[in-house]
Amino acid sequence: ERQPCMPTHPQRPMVLKTGVQFTVKLRLLVRLPELNYQLRVKASFDKDVTEKSSVKGFRKFNILGTNTKVMNMEESTNGSLAAEFRHLQLKEQKNTGSRQTEGPLIVTEELHSISFETQFCHQNQQIDLETTSLPLVVISNVSQLPNGWASILWYNMLVSESKTLGFFSNPPAATWGQLSEVLSWQFSSVTKRGLNSEQLDMLEEKLLGPNNCFSENLIPWTRFCKENLNEKPFSFWLWIEGILELIKKHLLPLWNDGCIMGFVSKEKERALLKDRLPGTFLLRFSESSREGAITFTWVEMVSNALFPAESQFHSVEPYTKHQLSAVTFPDIIRNYKVMAAENIPENPLKFLYPSISKDQAFGKYYSRPKDPSEPMDVDDAKASGYIKTELISVSEVHPSRLQSPENLLPMSVDVFGELTRQLSPSDIDSVDSELACHFPALF
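Residues numbered from 1 in each chain as written. Predicted model: local features only at pLDDT ≥ 70, side-chain atom pairs only at ≥ 80, totals over all residues. Heavy atoms only, no water.

Student: Any chance you could break down the sheet that holds strand S11 (residues 136-139) for me, citing the residues and the numbers?
Tutor: Strand order in the open sheet made by the 3 strands is S2-S11-S8, with mixed pairing throughout. Here the strands that pair on one side only, and so sit at the sheet edges, are strand S2 (15-17) and strand S8 (111-112). In the sheet, S8 pairs with S11 via 2 bridges, with the strands oriented antiparallel. Among the inter-strand pairings, histidine 112 is bridged to a residue of S11, identified as leucine 136. (Pairing = 2+ DSSP bridges. Helix = DSSP H or I, 4+ residues; strand = E, 2+ residues; numbered from the N terminus.)

Student: For the environment of glutamate 109, give the residues involved together with the corresponding values.
Tutor: Mapped onto the fold, glutamate 109 is located in the loop between strand S7 (82-92) and S8. Overall, the relative accessible area of 4% leaves glutamate 109 in the buried class. The sequence separation of glutamate 109 and phenylalanine 167 amounts to 58 residues, and the corresponding C-alpha distance is 8.4 Å. With near-sequence residues (within four places) excluded, glutamate 109 lies in contact with Ser151, Phe168, Trp221 and Lys226. (Buried < 20%, exposed > 50% of the residue type's maximum accessible area, 1.4 Å probe, protein only. Contact = heavy atoms within 4.5 Å.)

Student: Account for the nonpolar core, with residues named and values stated.
Tutor: Membership of the largest hydrophobic core comes to 98 residues, with the highest contact counts inside it found for Phe263, Phe296 and Phe329. Here this core takes 12 residues from helix H6 (residues 236-256), the largest share from any one element. Leave out the neighbours within four places in its chain, and phenylalanine 329 touches Leu251, Leu254, Leu283, Ile294, Phe296, Tyr319 and Leu324. Residues Leu272, Leu273, Leu282 and Val299 belong to the second largest nonpolar core, which totals 6 residues. (Core = buried A, V, L, I, M, F, W, Y, C linked by side-chain atoms within 4.5 Å.)

Student: Now, about the packing of aromatic side chains: what can you tell me, with residues and values included?
Tutor: Under the definition given, this model contains 23 aromatic pairs. On the basis of an interplanar angle of 75° and a centroid distance of 5.6 Å, the ring pair of phenylalanine 45 and phenylalanine 61 is categorised as edge-to-face. Linking phenylalanine 45 in strand S4 (residues 39-45) with phenylalanine 61 in strand S5 (residues 61-64), this pair joins segments that are 16 residues apart in sequence. Residue classification places phenylalanine 61 among the buried positions, given a relative accessible area of 5%. Ring centres of phenylalanine 224 and tryptophan 237 lie 5.6 Å apart, and the angle between their planes is 40°; this geometry places the pair in the tilted category. Here tryptophan 237 lies in helix H6 and phenylalanine 224 lies in helix H5 (residues 221-225), a separation of 13 residues in the sequence. (Phe/Tyr/Trp six-rings, centres within 6.5 Å; stacked < 30°, edge-to-face > 60°.)

Student: Please give an account of H6 that cites residues and values.
Tutor: With 21 residues, H6 should reach 30 Å at 1.5 Å per residue; the first-to-last C-alpha distance of 23 Å falls well below that figure. The largest bend in H6 amounts to roughly 90° and is located at histidine 250, with the proline proline 253 lying one to four residues further along. One or two positions beyond H6, positive phi appears at glycine 258, with a value near 80°. (Expected span 1.5 Å × (residues − 1). Bend = angle between axes of the 7 residues up to and from the residue.)

Student: Can you lay out helix H2 (residues 145-158) for me, pointing to particular residues and giving the numbers?
Tutor: Taking 1.5 Å of rise per residue, 14 residues should cover 20 Å, and H2 covers 20 Å from first to last C-alpha, within 8% of that figure. Of all 14 residues making up H2, 11 are buried, and the element is well covered by its neighbours. Every buried residue of H2 is accounted for by Leu145, Pro146, Gly148, Trp149, Ala150, Ser151, Ile152, Leu153, Trp154, Tyr155 and Met157.

Student: Account for the side chain of serine 113, naming residues and giving values.
Tutor: Note on placement: serine 113 falls in the loop between S8 and strand S9 (114-122). Accessibility expressed as a relative area gives 7% for serine 113, which makes it buried. Serine 113 has contacts with Ser44, Phe45, Asp46, Val49, Thr132, Ser133, Leu136 and Leu165, leaving out every residue within four places of it along the chain.

Student: Give a detailed account of the sheet that holds strand S15 (residues 294-302), specifying residues and quantitative values.
Tutor: The mixed open sheet is built from 5 strands, whose spatial order is S16-S15-S14-S18-S19. Whereas interior strands pair on both sides, the edge strands pair on one side only; in this sheet they are strand S16 (310-315) and strand S19 (356-357). Here S15 runs beside S16; their pairing, made up of 6 bridges, is antiparallel. Within the sheet, the bridge partner assigned to valine 302 lies in S16 and is glutamate 310. Against the sheet, H6 touches strand S14 (280-285) and S15, its axis set at about 150° to S14. (Axes fitted to C-alpha atoms, helices over the stretch in contact; angles between N-to-C directions.)

In structure tokens:
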């Protein structure tokens, strides 16, 4: 009824860690009202598994805790017999020698199983019953959990009936259609929102490359989970796993509400923002962070006396779980400032793509209502002894980024002197005339 699972990681069933308790629940599918005695079920680890003797370095484990359980109706919701093992643990049988130099499979690719057997007599007939869990992975360190779960996903995506524990000795490739469905399900199982076609298109290009160098769109297991991704020191799956953790712990409401576009390439990002109002921004996940990170990119229009207005794009350094643990992402967006030289800091973020007011999109997530800004709350300081502070994100940019006429500063004597040495009087007069046409308020 419920596959083996550690209560500490309910969304990662079939991945068990040595020394950590796990649970598993069985239910008898046949209801026999005349069955007037209890069934005792025994759990065994890797019972009749041929890999224990045929695969060099294959690890062996003992089950610790009470491995027998009596089935009863109290543990069932539909009146049938059921049994739940709640306090089982695994302990590895230590052998001499180093396993790392012996086994052909890494820990997270080595599949195991738990068998459950019982017997009962009915009408003078003795009937033996046995069932086996789905293949599971046993890890010794929690850092192996992401790759262990990747193995479980890959196996169950490609195997429907037979339980071949030697599956990863030669794992088959998957089509993008199969993998995209699993990836979307993974997001919807952790959150309330799966992946749409645009997001999946970006992930397909990231995994397969823009030229798709894999024959027949088949994706090898190594490409998904073992090879470094586009010269980054981590695999595609570890990148996805980091983003899932970031969403679950820091961005869940924003993701569920669709505020985060998330998976969009830099090229697509600029194409989307190019024709939008200045201050329009979107949220996407960093492609270079193993732990998961999120950034925002906004568009602004820049013009000067000599060139027509054009779009410029700016992306802030991605925020990781460390920054998001101190300040929520909606508050970062609300209070973000850009500062150039001695200009007054300004918030360039106005509209969430395509054209949603920032406060309309994120207002309900702000940590407190938006109050009129006050330089200092003296009364509150008297009551608590402290003046309140607030963490805000500020980006410092070069003054040349602010190109509007009101931000143009007077030319210094030194600069004017250098210009007169480099340009003729007629050239200077020509520039003055051009500026007067575009910015008459300055003359």
